[in-house]
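Summary of structural features
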Amino acid sequence: MLDLTGTSALSRSGISSANQIFSDSDRPKILVVDDHPASRMTAGALLSADGYEVFEAENGIEALALVFESQPDLILLDVMMPEMDGFEVCRHLKENEHTRLIPVVFITALNDRRSRLMGIEAGGDDFLSKPFDRLELSARVKSLVRQKRLNEDLDHAEQVLFSIARAIESRDPNTGDHCERLVAMGKAFGEYIQLSRAEIRNLMWGGYLHDIGKVGIPDGVLLKKGSFTPEEREIMNRHVIIGENICKPLRTMRGVVPIIRYHHERWDGSGYPEGLVGDEIPYLAQVFQIIDIYDALTSERPYKRAFTPEEALEIIAEETSRGWRNPKLVEQFTNFIKAGMMVGDRAQG
Ligand SMILES: [Fe+2]
């Protein structure tokens, strides 16, 4: 007979229940999707006894509606269902930004290899066979829910970083919508020079996060009007190291950190923080720097008017002949801007 008290089998097995891991207000929610009422009831009873809040849906369409309404922490999904089968439900969930992190456990018949392969292809996270082994169900659900919460924390950590970056931008009257423009131009120029998707993403994130280290620069320096003393310049230059330290602990920031650390290096070694020369400077940092400078030149700042694209390209060319930028990359960027200007001219004409 089933033990539905939620204590004996689990405590004997040494597996802790959801009650022991999560607080009451934070009770994980599980959605059980199965067209057989008896199966739903069995899974529901086992999971409720483990301390989870359980929702049930009897088909794929109802399941999708419930997912958006109740935001479950895990879905137990039957494969064979009328109208929309489990694979299709899973594909919908994994394609959607808001539901892709919810683990999906397919319920298949024992040794149904074909369903398992299709389940993997649809993006499923795990499999369980009917009839349920109670301890296996508890262990898998617990570990997947825990993993999902960790993933969410990671997503939230990224959100926090982007919020800090925005706060810094609004604190600095010099910048306006600088970051938004860098993100847009990073995407466009990245595609133009055929960077990979991951590189383009890093370039775009760099647009938001490159100056996040300014959070550690005192107002007296950051907001100073007029030129810096050598000491103030040195303090301001620290923003690249502070930014690196903020973002480094996050695995998803790995490709962005070189942009943050090295976006003020110069091709001839006269930049900071390390004075790297030529291709010692990470490539994405070189790409980002040109976009950053171009946007600064073509935007109005309290101390200067906005230069026209032609003027900005001239200044960048002059800096390149002085040895500050990668000539090949500057040539590509110049062509990219000129191609855009021609498109703009045609659109206006
Ligand atoms: Fe910077």
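So, here's what we can say about the structure. (Residues numbered from 1 in each chain as written. Predicted model: local features only at pLDDT ≥ 70, side-chain atom pairs only at ≥ 80, totals over all residues.)

**Digging into the overall build of the chain**
Secondary structure assignment for the chain yields 16 helices and 5 strands. Taking all 349 residues of the chain together, 32% fall into the buried category. Long-range contacts, defined here as pairs at least 24 residues apart, represent 62% of the contacts in the chain between residues at least 6 apart. (Helix = DSSP H or I, 4+ residues; strand = E, 2+ residues; numbered from the N terminus. Buried ≥ 20, exposed ≤ 12 C-beta atoms within 10 Å, placed from the backbone. Contact = placed C-beta atoms within 7 Å.)

**Re the environment of Leu74**
With respect to the helices, strands and loops of the structure, Leu74 is situated in strand S3 (residues 74-78). Assessed through the 25 C-beta atoms surrounding it within 10 Å, Leu74 is described here as buried.

**A short note on helix H7 (residues 134-171)**
It helps to recall that an α-helix has 3.6 residues per turn; residues three or four apart then point in one direction. A rise of 1.5 Å per residue sets the reference length of H7, with its 38 residues, at 56 Å; its end C-alpha atoms lie 55 Å apart and thus fit the reference within 8%. What H7 keeps buried is the set Ser138, Val141, Lys142, Leu144, Val145, Leu161, Ala165 and Ile168. (Expected span 1.5 Å × (residues − 1).)

**Quick word on unusual backbone geometry**
The general pattern is negative phi for most residues beyond glycine and trans for most peptide bonds. That bond from Lys130 to Pro131 is cis: its omega, -5°, falls within 30 degrees of zero. The omega torsion across Tyr272 and Pro273 is 10°, close enough to zero to call that bond cis. Within the fold, Pro273 resides in the loop between helix H13 (257-262) and helix H14 (283-298). We note that Gln71 has phi near 45°; this positive angle belongs to a residue other than glycine.

**Here we look at helix H5 (residues 86-95)**
For H5, the set of buried residues is Gly86, Phe87, Val89, Cys90 and Leu93. All buried residues of H5 fall inside an arc of 160° around its axis, so they share one side. Residues of H5 that are buried make contact with strand S1 (29-33), helix H4 (60-70), S3, strand S4 (104-109) and helix H6 (113-121). (Arc of directions from axis to C-beta.)

**A look at the packing of helix H8 (residues 178-192) against helix H9 (residues 197-209)**
One way to put it is that H8 packs onto H9 with a least axis distance of 7 Å and a crossing angle of 160°. The angle between H8 and H9 places the two elements in the roughly antiparallel class. For the pair H8 and H9, the crossing hand works out as right-handed. Residues Cys179, Leu182, Val183, Gly186, Lys187, Gly190 and Glu191 of H8 pack against Glu199, Ile200, Leu203, Met204, Gly206, Gly207 and Tyr208 of H9. Tallied by class, the residues present in the contact of H8 with H9 amount to 7 nonpolar, 4 polar and 3 charged. (Axes fitted to C-alpha atoms, helices over the stretch in contact; angles between N-to-C directions. Parallel < 35°, antiparallel > 145°, perpendicular 65-115°, else oblique. Left-handed = near helix turned anticlockwise from the far one by under 90°. Nonpolar A, V, L, I, M, F, W, Y, C, P; charged D, E, K, R; others polar.)

**Re the nonpolar core**
Formed by 34 residues in total, the largest nonpolar core has its most connected members in Leu209, Ile212, Cys247, Val256, Ile260 and Ile291. For this core, the secondary-structure elements that each account for two or more residues are H7, H8, H9, helix H12 (239-247), H13, H14, helix H15 (309-321) and helix H16 (327-348). The residues contacting Ile291, other than those within four sequence positions of it, are Leu182, Met185, Gly186 and Phe189. (Core = buried A, V, L, I, M, F, W, Y, C linked by C-beta atoms within 7 Å.)

**Regarding the pairing of strand S2 (residues 53-57)**
Walk down a regular strand and you will see the side chains alternate between the two sheet faces. Judged from the 5 bridges that link them, S1 and S2 form a sheet pairing that is parallel. Bridge pairing links Val32 to Glu56 in S2. As a crossover connection, the stretch from S1 through helix H3 (residues 37-49) into S2 is right-handed. (Pairing = 2+ DSSP bridges. Right-handed = clockwise from strand over helix to strand, strands pointing away.)

**Comments concerning the packing of H4 against H5**
Packing of H4 against H5 leaves a shortest axis separation of 10 Å and a crossing angle of 25°. In this view, H4 runs roughly parallel relative to H5, as classed from their interaxial angle. Where H4 crosses over H5, the handedness of that crossing is right-handed. For the pair H4 and H5, the contacting residues are Gly60, Ala63, Leu64 and Val67 in the first and Glu88, Val89, His92 and Leu93 in the second. Split into classes, the residues belonging to the contact of H4 with H5 amount to 5 nonpolar, 2 polar and 1 charged.

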